[in-house]
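# Structural description and commentary
In case you want the letters, here they are:
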Amino acid sequence: MVIRLVLFGAPGAGKGTQAALLKEHFGALHISTGDLFRRAMKEKSTLGDQVRSYMDLGFLVPDEIVMNLVRKELVDVVKENGFLFDGFPRTIPQAENFEQALSEMHHSLTAVVSLEVEQDLLVRRISGRRVCPKCSALYHVDSLSHGEVCPTDQSPLEQRKDDAEEAVKTRLKTFALQTLPLKEYYREKKLLLQIDGSGTPAAVFARLLSVLQPVLD
Ligand code: AP5
Ligand code: MG
Ligand code: ZN
């Protein structure tokens, strides 16, 4: 079954965590615009320099930069066995532009899944997040039993720069103002599926699969 999904949700809602599980289950390609920008910053490329000031402070990267990147990625993405966009689109113009680009390639979305998580839990998840610089795996300090090293490859885990308190506040505000309106946009297009994003990653994943079942048949 080919799945073409957008994972929607506030910072810390669990988009990256669920994308990793979905990727394993459906064999689809995972594209996180945030991860692509972080990689560009690490490589100190021109794109990295362009996005750094926005990302570090928790503001959205301008639509034009995002769409240039996504349109380039899409050429290869549509050749794959389905895709999972994580953290994209984030504004109405991005969503409109995305729809246009997909239709030019004779593709459309299966669904947009919104992970619903209340603010307190978002902040708890973000403040305990750790990332492996080597394999990009995501962890939370509460579930690490052998210190802050990656259980897979023993690399010392890192914290994201935009997980600092001030940047988190800005990201949450930015989400509410600029990204949340997309829910209505996708609801009108009858693509929106909402699920409770609280509980363990496995519990959320089970809800995800069950809500996806009808659209996959
Ligand atoms: P991005 O990287 O997309 O960050 P975000 O949207 O803020 O989301 P996060 O990655 O913080 O959270 P997540 O939902 O992936 O949660 P995770 O699974 O890690 O974007 C970063 C920045 O890039 C933006 O601010 C912007 O500047 C720029 N950008 C990116 N895309 C853009 C676009 N389209 N337009 C403009 N700008 C763009 O989980 C969080 C933590 O909780 C982890 O520690 C995890 O282990 C834990 N956890 C997850 N699920 C559970 C669970 N069920 N139970 C317990 N713990 C859990
Ligand atoms: Mg993420
Ligand atoms: Zn690792």
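Structure: see above.
Let me sum up the structure you'll find in this document. Predicted, not measured: the structure shown is a model, and the values here were computed from it.

### Description of the overall build of the protein chain
Within the protein chain, the regular secondary structure consists of 9 helices and 7 strands. Across its three principal directions, the C-alpha atoms of the protein chain cover 45 × 40 × 30 Å. Burial statistics for the protein chain: of 217 residues in total, 47% are counted as buried. For the protein chain, restricting intrachain contacts to residue pairs at least 6 apart in sequence, the fraction spanning at least 24 positions comes to 68%. Counting every atom, the protein chain has about 11,400 Å² of accessible surface; 53% of that belongs to carbon and sulfur. For the protein chain, the separation between the mean place of its 27 positive charges and that of its 29 negative charges on side chains is 1 Å.

### Let's talk about the coordination of the zinc ion (ligand 3)
Only Cys132 (SG), Cys135 (SG), Cys150 (SG), Asp153 (OD) and Asp153 (OD) from the protein reach the zinc ion (ligand 3) as donors, at distances of 2.2 to 2.8 Å. Each donor residue of the zinc ion (ligand 3) lies on the same chain, and together they follow the pattern C-x2-C-x14-C-x2-D. Residue Cys132 is found in the loop between β5 (129-131) and β6 (138-140), and its partner Cys150 is found in the loop between β6 and α7 (165-179); the two are separated by 18 residues along the sequence. Each member of the pair, Cys132 together with Cys150, is buried.

### A closer look at the layout of surface pockets
There is about 190 Å³ of room inside the second largest pocket. For the second largest pocket, the lining is made up of 16 residues, of which Ala10, Val117, Leu122, Phe175 and Leu180 are closest to its centre.

### A closer look at the packing of helix α6 (residues 119-127) against α7
Packing of α6 against α7 brings their axes to within 11 Å, and their N-to-C directions diverge by 140°. Judged by the inter-axis angle, α6 sits oblique to α7. You can see that α6 and α7 cross each other, and the crossing is right-handed. Taking contact as the criterion, the partners of Gln119, Leu122, Val123 and Ile126 in α6 are, on α7, Val168, Arg171 and Leu172. When the residues that make up the contact of α6 with α7 are grouped by side-chain class, the tally is 5 nonpolar, 1 polar and 1 charged.

### Looking at the site of ligand 1
Not every one of the 33 residues close to ligand 1 is listed here, only the nearest: Thr17, Phe59, Arg90, Arg129 and Arg171. Here an oxygen atom of ligand 1 and a backbone polar atom of Tyr139 are 2.8 Å apart. Listing elements by their share of the shell around ligand 1, those giving two or more residues are α1 (15-26), α2 (33-42), β6 and α9 (201-216). When residues in the shell around ligand 1 are grouped by element, the largest group, 4 residues, is from α2. The class makeup of the residues in the shell around ligand 1 is 14 nonpolar, 11 polar and 8 charged.

### Considerations on the pairing of strand β4 (residues 111-116)
Here is the key point about a regular strand: its side chains alternate between the two faces of the sheet. Most of β4 sits out of view: 5 of its 6 residues are buried. Bridge count between strand β1 (residues 4-9) and β4: 5 bridges; the pairing is parallel. Its bridge partner lying in β4, Val6 is registered against Val112. The sheet contact formed by β4 and strand β7 (residues 192-196) spans 5 bridges and is parallel. Opposite Glu116, over in β7, you have Asp196 as the bridge partner.

About the thresholds
- Residues numbered from 1 in each chain as written.
- Chains lettered and ligands numbered in written order.
- Predicted model: local features only at pLDDT ≥ 70, side-chain atom pairs only at ≥ 80, totals over all residues.
- Heavy atoms only, no water.
- Helix = DSSP H or I, 4+ residues; strand = E, 2+ residues; numbered from the N terminus.
- Buried < 20%, exposed > 50% of the residue type's maximum accessible area, 1.4 Å probe, protein only.
- Contact = heavy atoms within 4.5 Å.
- Areas by Shrake-Rupley, 256 points an atom, 1.4 Å probe, with all protein chains shown as cover.
- Lys, Arg positive; Asp, Glu negative; His and termini not counted.
- Charge placed at Lys NZ, Arg CZ, Asp CG, Glu CD.
- Donors = N, O, S within 2.8 Å, 3.2 Å for Na, K, Ca; no water.
- 1 Å grid on protein atoms, 1.4 Å probe; cavity = no way out; pocket = protein on both sides within 12 Å on 5 of 7 lines; lining within 4 Å.
- Points joined across faces, edges and corners; volume = space filled by probe spheres on them.
- Axes fitted to C-alpha atoms, helices over the stretch in contact; angles between N-to-C directions.
- Parallel < 35°, antiparallel > 145°, perpendicular 65-115°, else oblique.
- Left-handed = near helix turned anticlockwise from the far one by under 90°.
- Nonpolar A, V, L, I, M, F, W, Y, C, P; charged D, E, K, R; others polar.
- Near = heavy atom within 4 Å.
- Polar contact = N/O pair within 3.5 Å; in protein donor to acceptor, adjacent residues only side chain to side chain.
- Pairing = 2+ DSSP bridges.

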